[in-house]
Amino acid sequence: MFVDIINTRVDYVDSGGKNPVLLLLHGWGCDSRTYHALTDELSLTFRVIVPDLPGFGNSPEPPEPWGVGEYAGLIRAFCEKLNLQSITLFGHSLGCRIIIKLLADGFTPATGKVVLTGAAGIKTPKSLPRRIKTAVFKVGKLFLKPFPKFLEKLQSKSGSADYRAASPMMRRCLVKIVNEDLTPLLPLVNREVLLIWGENDDSTPLSDGRLMELKMPNAGLAVIKNAGHYAFFDQPEQFGRVLSSYFSYGGS
């Protein structure tokens, strides 16, 4: 399925059914297919809707470099287009950035519970070696700007794995996204939030989860043993038990 909104097309999966809506927002480099096993399980309780964010899966890249705000605006328009109300929110990594932005801005359709797993959004200071590497990269970009082929080669060998794998447009999006620190927004997220973290997460460290639990007024943290950034893959049974307990307590 797809809808046309904000000058782009958004492909999405809708499990159907008449249950309360759960909107799942995926992480960077993922799409709706990544969460197939998880959505099958969640579909027993919810009507699960998973959009491919622009630039991922079957949704084309955004028309210009988008940051968290633009992706959040896209999700607002998506929910309005599909007339989604009383939404439970579930985010992973990048999807959590978008949810934090939405909730801090008073996203009224989200009246259900909120689950954030491996949540990104906290910007940590770079180490000295990392700062040096970044400075060298910026100088190299400046000198190689007149030589696009050499510049592309430099970019392909620099940055994170996500950056190297991305297209030129999505690299610009990634830089914009990761440079926005959402820490100041956390106290504005006054909804009940369940944070689920893999204890061995090396993409968004557990310390980020502890900080989010501290900064959000009504958040609780569940740590999944022997799991990383994709805790729902690494320990599906343990992850499922945490979700089931959360959703069954006090209703969805």
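Quick note: structure is the one above.
Summary of the structure given here. (Residues numbered from 1 in each chain as written. Predicted model: local features only at pLDDT ≥ 70, side-chain atom pairs only at ≥ 80, totals over all residues. Heavy atoms only, no water.)

### A word on the sheet that holds strand β2 (residues 8–14)
To keep things clear, this is the line we draw: Any two strands between which DSSP finds at least two bridges are classified as paired. Going along the chain from the N terminus, every DSSP run of H or I of four or more residues is numbered as a helix, and every run of E of two or more is numbered as a strand. In this analysis an axis means a line fitted to C-alpha atoms, helices contributing only their contacting stretch, and an angle means the value between N-to-C directions, from 0 to 180 degrees. Any pair of residues with heavy atoms lying within 4.5 Å of one another is described as a contacting pair.
Judged by pairing direction, the sheet is mixed, and its 8 strands sit side by side in the order β1-β2-β4-β3-β5-β6-β7-β8 without closing on themselves. Of all the strands in the sheet, the pair left with one neighbour each is β1 (2–5) and β8 (219–224). Averaged over all pairs of adjacent strands, the angle between strand axes in this sheet comes to 20°, irrespective of strand direction. Contacts from helix α10 (residues 236–248) reach β3 (21–25), β5 (88–92), β6 (114–117), β7 (193–198) and β8 within the one sheet, and its direction differs from that of β7 by about 170°.

### Here's the deal with the pattern of salt bridges
Test applied: For salt bridges, the criterion is a side-chain nitrogen of Lys or Arg within 4 Å of an Asp or Glu carboxyl oxygen. Exposed residues in this analysis have more than 50% of their type's maximum accessible area, buried residues have under 20%, and partly exposed residues fall in between, with area computed by a 1.4 Å probe over protein chains only.
Under the definition given, this model contains 5 salt bridges. The salt bridge partner of lysine 176 is glutamate 70, with a shortest N-O separation of 3.4 Å. Here lysine 176, found in helix α7 (residues 168–178), pairs with glutamate 70, found in helix α2 (residues 68–81); they are 106 residues apart in sequence, far enough to count as distant. Classification of lysine 176 as partly exposed rests on a relative accessible area of 38%. Glutamate 70 sits in the partly exposed class, given a relative accessible area of 30%. A salt bridge links glutamate 199 to lysine 225, with the nearest nitrogen and oxygen atoms 3.8 Å apart. With glutamate 199 in the loop between β7 and α8 (206–215) and lysine 225 in the loop between β8 and α9 (231–234), this residue pair connects regions lying 26 residues apart in the sequence.

### What about the packing of α2 against helix α3 (residues 94–104)?
Keep this limit in mind: Reported orientations rely on four angle classes, namely roughly parallel under 35 degrees, roughly antiparallel over 145, roughly perpendicular from 65 to 115, and oblique for the rest. Any residue outside Ala, Val, Leu, Ile, Met, Phe, Trp, Tyr, Cys, Pro, Asp, Glu, Lys and Arg is labelled polar, Gly included; the first ten of those are nonpolar and the last four are charged.
In contact at an axis separation of 9 Å, α2 and α3 are set at 75° when each is read in the N-to-C sense. Between α2 and α3, the angle falls in the class roughly perpendicular. Of the residues in α3, those touching α2 at Val68, Gly69, Tyr71, Ala72, Ile75 and Arg76 are Arg97, Ile98, Lys101 and Leu102. Residues of the contact of α2 with α3, tallied by class, amount to 6 nonpolar, 1 polar and 3 charged.

### A closer look at the packing of aromatic side chains
Convention followed: For Phe, Tyr and Trp, where Trp contributes only its six-membered ring, two rings pair if their centres lie within 6.5 Å, and the inter-plane angle classes them as stacked under 30 degrees, edge-to-face over 60, or tilted in between. When the NZ atom of lysine or the CZ atom of arginine is within 6 Å of a ring's centre and also within 35 degrees of its normal, the charge is said to sit over that ring.
Going through the model one piece at a time under the given rule, you end up with 11 aromatic pairs. Here the aromatic rings of tyrosine 230 and phenylalanine 232 are separated by 5.9 Å at their centres, their planes lie at 75°, and the arrangement is edge-to-face. Clustering of aromatic rings is evident, with ring pairs tying together Tyr35, Phe90, Tyr230, Phe232, Phe233 and Phe239. Positioned over the ring face of phenylalanine 2 is arginine 9, at 4.8 Å from the centre of the ring. Sitting over the ring of tyrosine 246, lysine 113 keeps its end group 4.6 Å from the ring centre.

### Quick look at the environment of proline 60
With respect to the helices, strands and loops of the structure, proline 60 is situated in the loop between β4 (47–51) and α2. Each C-alpha atom of the pair proline 60 and valine 10 lies 7.6 Å from the other, and the pair is 50 residues apart in sequence.

### What to know about unusual backbone geometry
Phi at asparagine 83 takes a positive value of approximately 55°, unusual for a residue other than glycine. In this structure, asparagine 83 sits in the loop between α2 and β5. Phi is positive for asparagine 226, close to 55°, though the residue is something other than glycine. Residue position: asparagine 226 is located in the loop between β8 and α9.

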